Amino acid sequence: MEYVSRAPRPPLDGLIDDLYYLEGAPPYARLTLPPAPSALLIVNLGAPFRIRSGTDIETAEYADGCVVTTPTRAWEFGYPLRTTSVGAHIKPWGLAPFLPMPAAELCDRPLTVEQVWGRAAVAELRDRLATADGPHEMLTLLEEELMRRLRETAGLGLVRHTSSVIAATSGAVAIGDLSATAGVSSTHLAQRFKELVGVTPKRLARTQRFTAAAFAIDPAEPIDWADLAGRAGYFDQAHFGHEFRSFTGLTPTRYVEVRRRFLREHPGHAIDGWPLPAD
């Protein structure tokens, strides 16, 4: 697969980690994406893809793309035989300035881009992207679209600062201390987070801690699970294992087996690192 990415220019760089272009045959027909402390925008330019955002939710098809706020559970992504898309990996708070509704309404329920921005606008954007001269021009067009849609959002500074503290501590911070430092009540802080991130600060901290622990795993090396759990701030290995199953549906050892399969079957693949084979 061809993967091209770059950071956006200010002020989008305070909201978005990177803009990306993805094209080619996926490594597996279905991939599982564990929850991460981030949001996602995909503008699809190929055949429709499918998403199941939980075992209790039916798989849905997305032709024009999708918008995903910070998830609380693993979600399954079903690729067509070949895929082409552009998109953005977005900071937890970064999607709010582009949404016409509270982020909590999208929590674990991805919407199509059309549902968020309207059919005519999305059709026009996809037409311009489809006729662009290569990936870099496509990323510029997406960046310009996001710049046009950027709007002032009440409470964004508070949520951005608090989220940054949570990230800097890998989720190991007392939420009560965060609200006290910010000079607001815990109820007010939670309300702002649900409006702009889609989840509470406590849930974001849990996701941040899990992600930091998962990324600390080197599947090519022996793993001391007790040491890893302790360094990640879990009470004990059992607590770590429970959280791992809650976020991925897998035990830690099974997760490593699946990661090793990806590395073995697709060494150096462009999207290796977080998605897991779902079959």
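The coordinates are above.
Here we summarise the structure given alongside this text. Computed from a predicted model, the values in this text were never measured in an experiment. (Residues numbered from 1 in each chain as written. Predicted model: local features only at pLDDT ≥ 70, side-chain atom pairs only at ≥ 80, totals over all residues. Heavy atoms only, no water.)

## Here's the deal with the pattern of salt bridges
Put simply, the rule reads: Definition used for salt bridges: Asp or Glu carboxyl oxygen within 4 Å of a side-chain nitrogen of Lys or Arg. Secondary structure elements follow DSSP: runs of H or I no shorter than four residues count as helices, runs of E no shorter than two count as strands, and numbering proceeds from the N terminus. Exposure categories follow from relative accessible area, calculated using a 1.4 Å probe and restricted to protein chains: below 20% of the type maximum is buried, above 50% is exposed, and the middle band is partly exposed.
As enumerated under the stated definition, the model contains 18 salt bridges in all. One salt bridge in this structure joins Arg9 and Glu143, with 2.8 Å as the shortest N-O distance. Taken together, the positions of Arg9 in the loop between β1 (2–6) and β2 (16–24) and Glu143 in helix α3 (residues 135–149) put the pair 134 residues apart, joining distant regions of the chain. Residue class for Glu143 comes out buried when judged on its relative accessible area of 4%. With a shortest N-O distance of 3.8 Å, Arg52 and Glu76 are connected by a salt bridge. On the criterion of sequence distance, the pair formed by Arg52 in strand β5 (residues 49–52) and Glu76 in strand β8 (residues 75–78) is long-range, its members being 24 residues apart. On the basis of relative accessible area, Arg52 is assigned to the partly exposed category, the value being 30%.

## Some points on the nonpolar core
We apply this condition: The definition of a nonpolar core used throughout is a set of buried Ala, Val, Leu, Ile, Met, Phe, Trp, Tyr and Cys residues joined through side-chain atoms within 4.5 Å. Residue contacts are counted whenever heavy atoms from the two residues lie within 4.5 Å of one another.
With 46 residues, the main nonpolar core has Ile16, Leu41, Val67, Leu99, Trp117 and Leu146 as its most contacted residues. For this core, the element with the highest residue contribution is α3, accounting for 5 residues. When residues no more than four places from it in sequence are discounted, the contact partners of Val67 are Leu40, Leu41, Leu95, Leu99, Leu106, Pro110, Leu111, Val113 and Val116. Within the second largest apolar cluster, 18 residues are counted, among which are Phe210, Ala213, Phe240 and Tyr255.

## Considerations on empty space enclosed by the protein
Test applied: The rule is simple: put a 1 Å grid over the protein atoms alone, call a set of points where a 1.4 Å probe fits but cannot get out a cavity, call an open set with protein on both sides within 12 Å along at least five of seven lines a pocket, and count a residue as lining if it has an atom within 4 Å of a point. Grid points are joined across faces, edges and corners, and a volume is the space filled by probe spheres set on the points. Polarity classes work like this: nonpolar for Ala, Val, Leu, Ile, Met, Phe, Trp, Tyr, Cys and Pro, charged for Asp, Glu, Lys and Arg, and polar for all others, with Gly in that last group.
Throughout the structure, instances matching the rule amount to 2 cavities of 30 Å³ or more. Here the largest cavity is characterised by a volume of approximately 60 Å³. Ser53, Val68, Thr69, Pro71, Arg73, Trp75, Leu106, Asp108, Arg109 and Pro110 are the residues that line the largest cavity. Broken down by class, the residue content of the lining of the largest cavity amounts to 5 nonpolar, 2 polar and 3 charged. The volume enclosed by the second largest cavity comes to roughly 40 Å³. In terms of lining, the second largest cavity is formed by Leu41, Val67, Ile90, Leu95, Phe98, Leu99, Val116, Trp117 and Leu146. For the lining of the second largest cavity, the per-class residue count stands at 9 nonpolar, no polar and no charged.

Taken by themselves, the reported measurements are silent on function.
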